[in-house]
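The residues making up each chain are set out below.
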Amino acid sequence: MKPTLESLDTPALLLDERRLRRNTEAFLERARGYGLTLRPHVKTAKSVDVALAACGGVPGPITVSTLLEAERFAAAGFEDILWAQGVTPDKFRRLFEVPARVIAVTDSLEVARALAGAAGNERPQRVLIEIDSGEHRAGLLPDDPALLEIGRVLDAAKGVELAGVMTHAGHSYGAATPGAVADIAAAERQAAVRAAQALRSAGLPAPVVSVGSTPTFRYGRDFEGVTEVRAGVYVFYDLSQAMRSVCERDEIALSVLTTVIGHNRQAARVLLDAGG
């Protein structure tokens, strides 16, 4: 018998599959319209079924935040995985052993040199150089001399393939209006494209120009020079996104069923079994 809301123990996670599929199809269609590869970030869902929906029903390019995620999704048949966290030498062996093409990321000359010395020749390790497009959390500025230094080290290594550049405008999640998000998206694109052009001008390859977040992909107006976009929150959305006009409330696909377990009338508060 199919469970009803009344029969579920609380707290319970509720996923509206119709909204989920509407959200994923909208982003896939938007990516196709711009001629871009959509590389969904699966850290939001950590679910093979949701990742398949985000990729159009079959395993496709995805983004992960940990090697554990890369290993689990590789085991589920995903073969093109971007690990969007700066790689460090202590993770090299585990990275090389993932049974899928995992693209690594770095903004460090020291790490690039270490990777060049550690990678084997059987399956070249693809690497993207991370660019800072305004969040100032990680990455190089497009005109940083280290960009070309890292590029030359990676390109010269026999077991490494310099794949291009990536950036993430994470500060877009703090923007208050769609217009402000659009401005951040423009800066994100410009930084990544400038960095790729700098590599190419130096005779280095940069076939991949990877940008993205849910807000900047939804409200970006120009993706010229970009090859792929990464986003994750859009599969579910949330109230934070709705409050910033990134989505409508009827697009939020995930909610929590909870029970009121107490009423503090003096403080005008109710207590739930789902946390604060």
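Calculation criteria
- Residue positions within a chain follow its written sequence, with the count starting from 1.
- Residues qualify for local features only when their pLDDT is at least 70, as the model is predicted, and side-chain atom pairs are given and counted only at 80 or more; totals for whole chains, interfaces and linings, by contrast, use all residues.
- The side-chain figures draw on all heavy atoms in the structure; neither hydrogens nor water molecules are used.
- The method works on a 1 Å grid over the protein atoms by themselves. A cavity is a set of points holding a 1.4 Å probe that cannot get out, a pocket is an open set with protein on both sides within 12 Å along at least five of seven lines, and residues with an atom within 4 Å of a point line them.
- Grid points are joined across faces, edges and corners, and a volume is the space filled by probe spheres set on the points.
- Residue classes follow a fixed rule: Ala, Val, Leu, Ile, Met, Phe, Trp, Tyr, Cys and Pro count as nonpolar, while Asp, Glu, Lys and Arg count as charged, and any other residue, Gly among them, counts as polar.
- Secondary structure counts use DSSP, requiring at least four H or I residues in a row for a helix and at least two E residues in a row for a strand, with both numbered from the N terminus.
- Polar contacts, as counted here, are pairs of nitrogen or oxygen atoms within 3.5 Å of one another; within protein the pair requires one atom able to donate a hydrogen and one able to accept it, and residues that are adjacent in sequence qualify only if both atoms are side-chain atoms.
- Contacts are residue-level and defined by heavy atoms, with any inter-residue pair within 4.5 Å sufficient.
- In this scheme Phe, Tyr and Trp rings, the latter by its six-membered ring, pair at centre separations within 6.5 Å, and the angle between planes marks the pair as stacked below 30 degrees, edge-to-face above 60, and tilted otherwise.
- When a residue's accessible area, from a 1.4 Å probe over protein chains only, is under 20% of the maximum for its type it is buried; when over 50% it is exposed; and in between it is partly exposed.
- The rule for a charge over a ring is simple: NZ of Lys or CZ of Arg within 6 Å of the ring centre, and within 35 degrees of the ring normal.

A. Geometry of empty space enclosed by the protein. Following the criterion strictly, the structure yields one cavity of 30 Å³ or more and no others. Estimates place the volume of the largest cavity at around 50 Å³. Tallied by class, the residues present in the lining of the largest cavity amount to seven nonpolar, four polar and no charged.

B. Geometry of the side chain of threonine 214. Note that threonine 214 resides in helix α8 (residues 214-219). There is a polar contact of 3.2 Å between the side chain of threonine 214 and the backbone nitrogen of valine 233. Once you skip the residues sitting within four places of it in the chain, threonine 214 turns out to touch Phe27, Tyr173, Ala231, Gly232, Val233, Tyr234, Tyr237, Gln241 and Val246.

C. Structural context of the layout of surface pockets. In this model, the largest pocket occupies a volume close to 490 Å³. Around the largest pocket, the lining comprises 30 residues; the ones closest to its centre are His41, Lys43, Ala84, Arg137 and His168. Elements supplying a minimum of two residues to the lining of the largest pocket: β4 (80-86), β6 (125-131) and β7 (160-167). It is β4 that provides the largest number of residues to the lining of the largest pocket, a total of three residues.

D. Representation of the packing of aromatic side chains. Across all of its chains, the model carries six aromatic pairs by this definition. For the pair phenylalanine 217 and phenylalanine 223, a centre-to-centre distance of 5.5 Å together with 70° between the ring planes defines the contact as edge-to-face. Judged by its relative accessible area of 1%, phenylalanine 217 is buried. Look at phenylalanine 223 and you get buried, because its relative accessible area is 8%. Among the aromatic residues, those joined into a cluster by ring pairs are Phe27, Tyr34, Phe217, Phe223 and Tyr234. A cation over an aromatic ring shows up here: arginine 30 above the ring of phenylalanine 217, its NZ or CZ 5.4 Å from the ring centre.

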